[in-house]
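# Structure assessment
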Amino acid sequence: MTPSTIEIRPTADDARIARLAAAAIVLAVAEAAIPLPLPGVKPGLANIVILIVLLRWGWQDAVWVALLRVFAGSLLLGQFFAPGFFLALAGSLTSLIALGAAVHLPRHWFGPVSLSIIAAFAHIGGQLVLARVWLVPHDGVFYLVPVFALAATVFGLVNGLIAAHLLREMTPPSSG
Amino acid sequence: MTSLQRLARWWPLIRPGDVLTLILALSFCGASAAALWRGGAPDKVVVRAGGELFAEVPLSRAQSIEVPGPLGVTVIEIEPGRARVAEDPGPRQYCVRQGWLTRSGAAAICAPNQVSLMLSGGRNQYDSLNY
């Protein structure tokens, strides 16, 4: 066998991001099996991982993990380039932008719960704007805003609490 | 450990600003629901007899209206926020069985007696006939 001329040597950072992204993807795929009454209302369990990555390793890693989750998760679910993929991508990007800003809030006052709720709201915001512009070009989509907002509040709170709990339980940061 | 104690263990994870964020999020939910979902609230009743406008009554106080038609008298009952056809001489009683109408655009039609009742006002999104 001809030895490959291309050599990719993954760094420890790559391995860590891959591991965390795998955790997020597993949660996203598991969540897809939960029957839910309304399309678009999902617990967003993968965001627990994103929050932990953000608070532990910083925003850049969180962007990597979030985008890997969107791409790999949609490939696994057969959603790649389907409307749901673009909605997930839009939601992910807006919530990453919001998290990038919100992470600078004073950490003593605003914990993972705040970040989680802010990210959840940014997520539905991005999705609704894309849905309004592209999928349902009618203001009727905004009729569901209160439902999505309530879901974002509840799931944002729960995910934030779980992330805060896991961060407390975790061992001190290591690069491995 | 009781479930209440178990729940209380989560409390230290919430920081003061988180409570603020939560309150803001919940008030956004309430405000958006109030702003977006109140559009369907009707504020008046339009009663027609034989195709002509018979009465236009505000939906704010209770009263009943007697509308004469070819078969007899149709009685329309109005209460704050809702209205119905209470009695009708028609043979099939469809308009009576519809019960209370509460949404803007909702209509009850007593075709045999040529009387119709429709709620209007608020933001009229669609009428129940065309929809």
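By convention here, each chain's residues receive numbers from 1 onward along its written sequence. All chains are assigned letters beginning at A, and all ligands numbers beginning at 1, according to the order in which they are written. Note on the predicted model: pLDDT of at least 70 is required for a residue's local features to be given, and 80 or more for side-chain atom pairs to be given and counted; whole-chain, interface and lining totals, by contrast, use all residues.

A helix here means a DSSP run of H or I that spans at least four residues, while a strand means a run of E at least two residues long, and both kinds are numbered starting from the N terminus. Each helix and strand counted, chain A has six helices and zero strands in total. The order of α-helices and β-strands along chain A, N terminus first, is α-α-α-α-α-α. Expected size for 176 residues packed as a compact globule is a radius of gyration near 16 Å; at 17 Å, chain A falls within 12% of this value. Taken along its principal axes, the extent of the C-alpha atoms in chain A is 60 × 45 × 30 Å. Labels follow a simple rule on C-beta atoms placed from the backbone: if 20 or more others lie within 10 Å of a residue's own, it is buried; if 12 or fewer, it is exposed; otherwise it is partly exposed. When each of the 176 residues of chain A is scored for burial, the buried share is 38%. We call two residues in contact when their backbone-placed C-beta atoms lie within 7 Å. When contacts within chain A are restricted to residue pairs at least 6 apart in sequence, those whose partners lie at least 24 apart make up 74%. Within these notes, the globule rule equals 2.2 Å times the number of residues to the 0.38 power, and the radius of gyration is based on C-alpha atoms.

What follows covers the domain arrangement of chain B. Boundaries between domains were set according to an automatic or database domain assignment. When its domains are assigned, chain B resolves into domain 1 (3-39) and domain 2 (41-120). Summarising the inter-unit geometry, the C-alpha centres of domain 1 of chain B and domain 2 of chain B are found 43 Å apart.

This part takes up the sheet that holds strand S7 (residues 115-120) of chain B. Residues and elements named next belong to chain B. Spatially, S2-S1-S7-S6 is the arrangement adopted by the four strands of the open sheet, whose pairing is antiparallel. Looking along the sheet, the strands with just one partner apiece sit at the ends: strand S2 (52-58) and strand S6 (107-110). Strand-to-strand twist across the sheet, computed as the mean angle between neighbouring axes with direction ignored, equals 15°. Here strand S1 (residues 44-49) pairs with S2 via six bridges, running antiparallel. When the sheet's bridge partners are listed, Ala49 is paired in S2 with Glu52. In this analysis, strands are considered paired if DSSP registers two or more bridges between them. Note on geometry: axes are C-alpha line fits, over the in-contact stretch for helices, and angles between N-to-C directions span 0 to 180 degrees.

Once that is clear, we can look at unusual backbone geometry. A negative phi angle characterises most non-glycine residues, just as the trans form characterises most peptide bonds. Residues and elements named next belong to chain A. Positioned with a positive phi, Phe81 is a non-glycine residue whose angle comes to about 65°. Along the chain, the position of Phe81 falls in the loop between helix H3 (59-76) and helix H4 (83-102). In this structure Phe81 comes out as exposed when scored by C-beta crowding, with 9 C-beta atoms within 10 Å.

This part is about the interface of chain A and chain B. Between chain A and chain B, the residue contacts involve 20 residues of the former and 17 residues of the latter. Elements with a minimum of two residues in the side of chain A that touches chain B: helix H5 (112-135) and helix H6 (145-169) of chain A. Take the side of chain A that touches chain B: its biggest share by element is nine residues, from H6(A). Residues are grouped as follows: Ala, Val, Leu, Ile, Met, Phe, Trp, Tyr, Cys and Pro are nonpolar; Asp, Glu, Lys and Arg are charged; all remaining types, including Gly, are polar. For the side of chain A that touches chain B, the residue count by class is 16 nonpolar, four polar and no charged.

The next point concerns the environment of A:Phe110. With respect to the element layout, A:Phe110 can be found in the loop between H4 and H5. Classification of A:Phe110 by C-beta neighbours within 10 Å gives buried; the count is 20. Not counting residues up to four positions away in its chain, the partners in contact with A:Phe110 are A:Leu105, B:Arg15, B:Gly17, B:Asp18 and B:Thr21.

To continue, consider the environment of B:Gly72. Residues and elements named next belong to chain B. Note that Gly72 resides in the loop between strand S3 (63-68) and strand S4 (73-79). Looking at Gly72, the number of C-beta atoms within 10 Å reads 14, which means it is partly exposed. The spacing of Gly72 and Leu4 is 68 residues in sequence and 65 Å in space, taken between C-alpha atoms. Beyond its immediate chain neighbours, meaning those up to four positions away, Gly72 contacts Pro89 and Asn113.

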